[in-house]
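Each chain is listed here by its residues.
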Amino acid sequence: MKLQEYQSKRLFSKHGVPIPNGDVATKPSEAREVAETLGGPVVVKSQVLVGGRGKAGGIKLAQDPDEAEAYATEILEMNIKGLPVRKVLVDEAANIESEIYLGVVLDRSARRATMMASSEGGVEIEEVAQTKPEAIRKVTVDPFLGLRGYQTLRLAKEIGLRKEQYRSFGRTAQGLYEAFTAYDASLAEINPLVVTGDGELLAVDGKMVLDDNALFRHPDLAKLRDVDAEAPAEREAREAGLSYVKLDGTIGCMVNGAGLAMATMDIIKYFGGSPANFLDIGGGAQADKVATALRLILEDESVEAVLFNIFGGITRCDEVAAGILEAFEETRPTVPLVARLVGTNEEEGREMLKESAYNLTTAKTLVDAARRAVAAAE
Ligand code: GDP
Ligand code: MN
């Protein structure tokens, strides 16, 4: 789950990371009130779950409350990379001398958190990694020892901070690491962490990605989920208990089991096709869950063919077939569909599907099913 900038910064701040004063607004008049309370110049910042808002015109510097209200009006009408802006953050404007990058990510191969810092802040870190990889400095954190003072000192030196800033950089880095672990994040990032005119550090941006599997430990954070900001299909999938990730191919996949879903995507690729999604309907899938899954796949306009790959263990193939037929009534698919059902009650399942009036064929092997789906999508 991604958090909005203002949510991330508030959590960082609880752990001692310095952030600008400010508040969120959903209406231009509220933005004016916040600007009035703060006094002086403010930044009006769109709150959407994508990076590069600055470049997209979603961040504006306002000199006074009138201007803050005008910019809020403009920004609240924007769509940034397809996402409508519903909130703005109004922050005291920072007097920026330089911008650095500071982030903690989970490094899966090291099985540890890694802290990264760079003198090249303000631009996306992926871009720095491409154009100037040596500018990204890293330390790996031992989970039992935590982030050590010598490590943050090393980062501070390597990114060229001044001696006077070492101490506050150390505190900020500790705070960020604490927030990362306290909320079970997979990413906690400040980009940019700015050095102000008076040499202070200030986190003007914040980004956090929380591990969905740990959200049960943070019920208060789970409530922060910005349902409006999610892609509708992903929200519907989550609510139905399906694991769904949209991809950019043309073959819709409906599979039970995450490993089988991965294998299905691989074999589609192997035969020259490309999957439109990853979708795991889970074990023991009920007919209505299958129906929801199929609807999600068919609502995706890039889908040219659908591949069902069902292994009947706990899940019974006839139950899945019933779900598919039920979903057909509702969705009336026009694209070709290929079903491979094996395992418990596979014969019954295949028999049921034969009677379908839609363009559905059944296959006995995954190779056969994948080949047919790829051919059908072409
Ligand atoms: P992003 O574009 O979505 O990553 O949004 P950021 O919050 O990182 O803002 C983008 C850029 O806007 C920053 O790198 C800064 O250069 C600038 N910016 C953000 N906040 C302020 C501020 O308070 N004062 C000034 N002068 N610039 C700011
Ligand atoms: Mn940023």
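A brief structural summary. Along each chain, numbering runs from 1 in the same order as the chain's sequence is written. Going through the entries in the order they are written, you letter the chains from A and number the ligands from 1. Per-residue local features of the predicted model are confined to residues with pLDDT of at least 70, and side-chain atom pairs are confined, for both listing and counting, to 80 or more; whole-chain, interface and lining totals are unaffected and use all residues. Note that water and hydrogens are dropped before the side-chain values are worked out from all heavy atoms of the structure.

Focus on the overall build of the protein
To qualify as a helix, a DSSP run of H or I must reach at least 4 residues; to qualify as a strand, a run of E must reach at least 2; elements of each kind are numbered from the N terminus. When you go through the protein residue by residue, the secondary structure sums to 13 helices and 19 strands. Projecting the C-alpha coordinates of the protein onto the three principal axes gives extents of approximately 75 × 50 × 40 Å. Expressed as a percentage of the 378 residues in the protein, the buried residues total 47%. Considering only contacts within the protein whose residues lie at least 6 apart along the sequence, 68% involve residues at least 24 apart. Of the roughly 18,000 Å² that the protein leaves accessible, carbon and sulfur atoms contribute 49%. Of the charged side chains in the protein, 44 are positive and 59 negative, and the gap between their average positions amounts to 6 Å. Note on classification: 1.4 Å probe, protein chains only; a residue is buried when its accessible area is under 20% of the maximum for its type, exposed when over 50%, partly exposed between these limits. Here, two residues are considered to be in contact whenever any of their heavy atoms come within 4.5 Å of each other. Every accessible area reported is derived by Shrake-Rupley at a probe size of 1.4 Å, with residue values counting cover from the shown protein chains alone. Here the positive residues are Lys and Arg and the negative ones are Asp and Glu; neither His nor the chain ends is included. For charged residues, the charge sits on one atom: NZ in Lys, CZ in Arg, CG in Asp, CD in Glu.

Let's talk about the coordination of the manganese ion (ligand 2)
In ideal tetrahedral geometry, four donors around a metal make angles of 109.5 degrees, whereas ideal octahedral geometry with six donors gives angles of 90 or 180 degrees. Any nitrogen, oxygen or sulfur atom within 2.8 Å of a metal ion counts as a donor, with the limit raised to 3.2 Å for Na, K and Ca, and since water is left out, coordination shells can look unfinished. Protein coordination at the manganese ion (ligand 2) comes from Asn191 (O) and Asp205 (OD), with a distance range of 2.1 to 2.2 Å. Residue Asn191 is found in strand E11 (residues 185-196), and its partner Asp205 is found in the loop between strand E12 (201-203) and strand E13 (207-210); the two are separated by 14 residues along the sequence. Each of the two residues, Asn191 as well as Asp205, counts as buried.

As for the environment of Glu67
Its location among the elements puts Glu67 in helix H3 (residues 65-76). On a C-alpha basis, the gap between Glu67 and Ser274 in space is 48 Å, while along the polypeptide they are 207 residues apart.

A look at the site of ligand 1
If you check the shell around ligand 1, you find 15 residues, and the closest are Lys45, Arg53, Gly54, Ala94 and Glu99. One of the side-chain N or O atoms of Arg53 is found 2.7 Å from an oxygen atom in ligand 1. Residue Glu99 places a side-chain N or O atom 2.5 Å away from an oxygen atom belonging to ligand 1. Relative to its unbound accessible area of 560 Å², ligand 1 is 79% covered by the protein chains. Of all the secondary-structure elements, those providing two or more residues to the shell around ligand 1 are strand E3 (42-46), strand E8 (96-107) and E11. In this classification, Asp, Glu, Lys and Arg are treated as charged, Ala, Val, Leu, Ile, Met, Phe, Trp, Tyr, Cys and Pro as nonpolar, and every other residue, Gly included, as polar. In terms of residue class, the shell around ligand 1 is built from 6 nonpolar, 5 polar and 4 charged. Any residue with a non-hydrogen atom lying within 4 Å of a molecule or strand is treated as near it. Nitrogen and oxygen atoms within 3.5 Å of one another constitute a polar contact, given that in protein one can donate a hydrogen and the other can accept it, and given that sequence-neighbouring residues count only through two side-chain atoms.

Here we look at the packing of aromatic side chains
Planes of paired rings set the category: under 30 degrees apart is stacked, over 60 is edge-to-face and the rest tilted, where pairs are Phe, Tyr or Trp rings (Trp by its six-membered ring) whose centres lie within 6.5 Å. Summed over the entire model, instances satisfying the criterion amount to 3 aromatic pairs. Ring geometry for Tyr270 and Phe271: centres 5.1 Å apart, planes at 85°, overall edge-to-face.

What about the pattern of salt bridges?
Just to be clear on terms, a salt bridge is a Lys or Arg side-chain nitrogen sitting within 4 Å of an Asp or Glu carboxyl oxygen. By the definition in use, this model includes 28 salt bridges. Of the charged contacts in the structure, one is a salt bridge between Arg162 and Glu97, with a shortest N-O distance of 3.5 Å. Taken together, the residues span a long stretch of sequence, with Arg162 in the loop between helix H5 (149-158) and helix H6 (166-182) and Glu97 in strand E8 at a distance of 65 residues. Classification of Arg162 as partly exposed rests on a relative accessible area of 38%.

So, the environment of Pro143
By the secondary structure assignment, Pro143 is in the loop between strand E10 (136-141) and H5. The class of Pro143 is partly exposed, set by a relative accessible area of 48%. Distance in space between the C-alpha atoms of Pro143 and Thr181 is 9.3 Å, their sequence separation being 38 residues.

Let's talk about helix H12 (residues 346-354)
If you check which residues of H12 are buried, you get Gly349, Arg350 and Leu353. What you see down the axis of H12 is that its buried residues fit within an arc of 95°, all on one side. Buried residues in H12 make contact with helix H11 (317-331), strand E18 (337-343) and strand E19 (360-363). Summarising the geometry, the arc corresponds to the directions from the helix axis toward the C-beta atoms.

Notes on the side chain of Asn191
When its relative accessible area of 11% is taken as the criterion, Asn191 is described as buried. At 2.7 Å, the side chain of Asn191 and the backbone nitrogen of Gly122 are in polar contact. Polar side-chain contacts of Asn191 include one of 2.9 Å to the backbone oxygen of Val123. Excluding residues within four positions of it along the chain, Asn191 makes contact with Ile100, Tyr101, Gly121, Gly122, Val123, Glu124, Ile125 and Asp205.

Structural notes on the sheet that holds strand E4 (residues 59-62)
Paired through backbone hydrogen bonds, the strands of a sheet run either parallel or antiparallel to each other. Across the sheet, 4 strands lie side by side as E2-E7-E3-E4; this open sheet has antiparallel pairing. The open sheet has two edge strands, strand E2 (22-25) and E4, and neither has a second partner. Strand-to-strand twist of the sheet, defined as the mean angle between neighbouring strand axes without regard to direction, takes the value 20°. As defined by bridge partners, E3 adjoins strand E7 (residues 88-92) across 5 bridges and the pair is classed as antiparallel. Looking at E7, one finds that Val42 is bridged to Glu92. Any two strands are treated as partners once DSSP identifies two or more bridges connecting them. Where helices are involved, their axes are fitted lines through C-alpha atoms of the stretch in contact, as for all axes, and angles between N-to-C directions lie from 0 to 180°.

Here we look at the environment of Arg217
You can see Arg217 is positioned in the loop between E13 and helix H7 (219-222). Judged by relative accessible area, which is 52%, Arg217 ranks as exposed. It is 8.5 Å that separates the C-alpha atoms of Arg217 and Tyr183, two residues lying 34 residues apart in sequence.

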